[in-house]
Amino acid sequence: KFLAESMQKLSLEEREKALEEVHGIVPRTKDDVEEDSAFMDAVIKRLETHLLLIKRGSAYERAEKLNEAYVSNRAFRILFLRSNRFDPKPTAEHMIRFFDLKEELFGTHKLVQEILIEDLDPSDINCLESGSAQVLPHTDRANRRVFLMIPGLRRLCPVEHQLRSHFYMIMTTLRESEEARRYGVVSIMYTVGRFRDMSAGMDAARFAKMASSLPIPFCGMHFCHSDIRQFVLVKALVPMLPVWAAPRFRSHYGTHAEVLYALRGYGLSEDVLPFSHFDGEFMLHSHNMWYEDRKHRDARIAIERKALMVMDDFPPLPYDVEETVTTPNLEDTFPPKSSPPNVVMESAKELDDGKLSPRPQDILFGYGYKLHPGNVQLHKLIGDHAEDYAATKGKKEKMDYALNLVLYTKNQGSRFLIFERESKGWVEVPDNQARNKVAKTI
């Protein structure tokens, strides 16, 4: 009855689209609305207005202070807009929930960092290895990624660790798969037979909260079960779904063979799921391969992230440019060093002792200056030229392009400065070093 009422709230076009998506027969074409840049600009502007009204005191606001570029990244916001059918008001509320959840699970210091395997503790990794949450190697009939949740495999994992491992898996997939972001995903909750939820649904509310907080563009949601009590529980949770999501939800009751047969009608063949066709024997081979691949990928990303922390201004240190700047305590990671001096915003090029004084338009190298006005302006310039840079062929041409950006910036009156520990003063960096920074940032 609720699903029928939800369908009635949709337009004829929306109902047809929902039915096509849930049955896996939607054509794989780019969404025209995303190609209309003027429309997207208007939607993002309205999103910013809604966020301004509700962000006060939230984890979103704290993340914004840590790294505004991360929070306001256009592609990041479009990810949330897609999962809310480009409606800015629920999208704003969704982004608030996302950062609240991320802070709850990983702490404030991880709000503006992508979660890697190294950010998970041993219990999180045990949950990840169990296969209770998987990104399946095969896609559905419409070539969409499939998320599989098997509550029966997580019975030995505390719920907090389940949530952290699920968060990692889902966000990693969305971050790296353009297919998943653009065409959406299909989710399957499988609680048939021995894979039923042994917690009797006690943690269902927390998992429902996580599902409503992550920017997952659901095209189909399938709940497979063999226990009528679980059906009653899910029936109570379905009204909590957004209007657009309810028509994409399906419940399948029966034995293993009956459920697999039912899923066929939605573009999910037996070959998609990691079960044997007849006895439901569970196979972890594909998931183990995925996990090993992820360990290698994350190890490379972790090395790059640590290098950026040393060589560049990431992660950023928030500060007001009219106030003094202090550096964070790095004693736990690096040997103690003298801290750079406070950045005094003045127009003079040199101090009385002949040393340079950073100005607002200068670009400062080092940890903690991402929000310095000159650095912000450089990032904007780089963003405007990133596509042209990518279109150049060969390393030499790319380096020449980056050098031209450096020379243009310097012609506008800016300088590229770095703080020397030995002389305890700011000095200009050579053009080739500035060029390398620009190329690396692009």
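Details of the structure are given in the entry above.
What counts as what
Residues numbered from 1 in each chain as written. Predicted model: local features only at pLDDT ≥ 70, side-chain atom pairs only at ≥ 80, totals over all residues. Heavy atoms only, no water. Helix = DSSP H or I, 4+ residues; strand = E, 2+ residues; numbered from the N terminus. Buried < 20%, exposed > 50% of the residue type's maximum accessible area, 1.4 Å probe, protein only. Contact = heavy atoms within 4.5 Å. Areas by Shrake-Rupley, 256 points an atom, 1.4 Å probe, with all protein chains shown as cover. Pairing = 2+ DSSP bridges. Axes fitted to C-alpha atoms, helices over the stretch in contact; angles between N-to-C directions. Polar contact = N/O pair within 3.5 Å; in protein donor to acceptor, adjacent residues only side chain to side chain. Parallel < 35°, antiparallel > 145°, perpendicular 65-115°, else oblique. Left-handed = near helix turned anticlockwise from the far one by under 90°. Nonpolar A, V, L, I, M, F, W, Y, C, P; charged D, E, K, R; others polar. Salt bridge = Lys/Arg side-chain N within 4 Å of Asp/Glu carboxyl O. Core = buried A, V, L, I, M, F, W, Y, C linked by side-chain atoms within 4.5 Å.

**Side note on the overall build of the protein**
If you tally the helices and strands in the protein, you get 18 helices and eight strands. Counting every position in the protein, which comprises 442 residues, the buried fraction comes to 47%. Taking the intrachain contacts of the protein between residues at least 6 apart in sequence as the baseline, contacts between residues at least 24 apart amount to 72%. A total accessible area of about 22,600 Å² is found for the protein, and carbon and sulfur atoms account for 55% of it.

**So, the sheet that holds strand S4 (residues 218-225)**
Whether parallel or antiparallel, the strands of a sheet pair through hydrogen bonds between backbone atoms. Sheet architecture is open: five strands sit in the order S1-S2-S3-S4-S5, paired in mixed fashion. The outermost strands of the open sheet, each flanked by one partner alone, are strand S1 (133-135) and strand S5 (249-253). With direction set aside, neighbouring strand axes in the sheet form an average angle of 15 degrees. Bridge count for strand S3 (residues 185-191) against S4 is seven bridges, and the pairing is parallel. Considered in S4, the bridge of serine 187 is made with methionine 221. In the packing of helix H10 (residues 159-176) onto the sheet, contacts are made with S1 and strand S2 (145-149), and the angle to S2 comes to roughly 175 degrees.

**What to know about the side chain of histidine 166**
As for its placement among the helices and strands, histidine 166 is situated in helix H10. For histidine 166, the side chain forms a polar contact with the side chain of serine 165, separated by 3.5 Å.

**Some details on the pairing of strand S8 (residues 425-428)**
Here four bridges tie strand S7 (residues 416-420) to S8, and the two strands are oriented antiparallel to one another. What sits directly across from leucine 417, in S8, is glutamate 428. Hairpin connection between S7 and S8: a loop of four residues separates the two successive antiparallel strands, and lysine 424 in this loop has a positive phi of roughly 55 degrees.

**Re the sheet that holds strand S6 (residues 363-364)**
Read from one edge to the other, the open sheet built from three strands follows the order S6-S7-S8, with strand pairing classed as mixed. Whereas interior strands pair on both sides, the edge strands pair on one side only; in this sheet they are S6 and S8.

**Let's talk about the environment of lysine 437**
Among the secondary structure elements, lysine 437 is positioned in helix H18 (residues 431-441). With a relative accessible area of 9%, lysine 437 lands in the buried category. When the C-alpha atoms of lysine 437 and leucine 403 are compared, they prove to be 9.9 Å apart, with 34 residues separating the residues in sequence.

**Quick look at the packing of helix H16 (residues 373-391) against helix H17 (residues 395-411)**
Where H16 meets H17, the closest approach of the two axes is 11 Å, and the angle between their N-to-C directions is 150 degrees. With respect to H17, the axis of H16 lies roughly antiparallel. As H16 packs across H17, the resulting crossing turns out to be right-handed. For the pair formed by H16 and H17, the contact residues are Leu378, Leu381, His385, Asp388, Tyr389 and Ala390 on the first element and Lys398, Met399, Tyr401, Ala402, Leu405, Tyr408 and Thr409 on the second. Looking at the contact of H16 with H17 residue by residue, the classes come out as nine nonpolar, two polar and two charged.

**What to know about the pattern of salt bridges**
Taken as a whole, this structure holds 28 salt bridges when the rule is applied. Where glutamate 104 meets arginine 206, a salt bridge forms, and the shortest distance between an N and an O atom there is 3.2 Å. Taken together, the residues glutamate 104 in helix H8 (residues 88-106) and arginine 206 in helix H12 (residues 204-213) connect sequence positions 102 residues apart. A salt bridge links arginine 294 to aspartate 298; the nearest nitrogen and oxygen atoms lie 2.8 Å apart. Highlighted residues: arginine 294 and aspartate 298, both in helix H15 (residues 285-311), separated by four residues, approximately one helical turn. For the pair shown, arginine 294 and aspartate 298 are each scored as buried. Taken together, the shared-partner salt bridges connect Glu114, Arg175, Glu176, Asp293, Arg294, Arg297 and Asp298 into one network.

**A word on the environment of histidine 225**
By the secondary structure assignment, histidine 225 is in strand S4. Residues histidine 225 and tyrosine 190, spaced 35 residues apart in sequence, show a C-alpha to C-alpha distance of 6.4 Å. Beyond its immediate sequence surroundings of up to four residues, histidine 225 is in contact with Thr191, Val192, Gln230, Phe231, Ser251, His252, Tyr253, Gly254 and Val259. Among the polar contacts made by the side chain of histidine 225, one reaches the side chain of serine 251 at a distance of 2.9 Å.

**Thoughts on the pairing of S2**
Buried residues dominate S2, accounting for four of its five residues. In terms of strand pairing, S1 meets S2 through three bridges, oriented antiparallel. Residue pairing in the sheet places valine 135 in a bridge with phenylalanine 147 of S2. When S2 meets S3, the two strands line up parallel, connected through five bridges. The residue of S3 that forms the bridge with arginine 145 is valine 185.

**Observations concerning the nonpolar core**
Here is a general trend for soluble globular proteins: nonpolar side chains tend to be buried in one another's company. By size, the foremost hydrophobic cluster in this structure holds 56 residues, and its most contacted members are Phe99, Phe167, Met169 and Leu214. Not counting the four nearest positions on each side in its chain, phenylalanine 99 is found in contact with Ala59, Tyr60, Ala63, Tyr70, Val71, Phe76 and Leu111. Leu136, Ile150, Tyr190 and Val192 belong to the second largest nonpolar core, which has 18 residues in total.

Distances and angles like these do not, on their own, reveal function.
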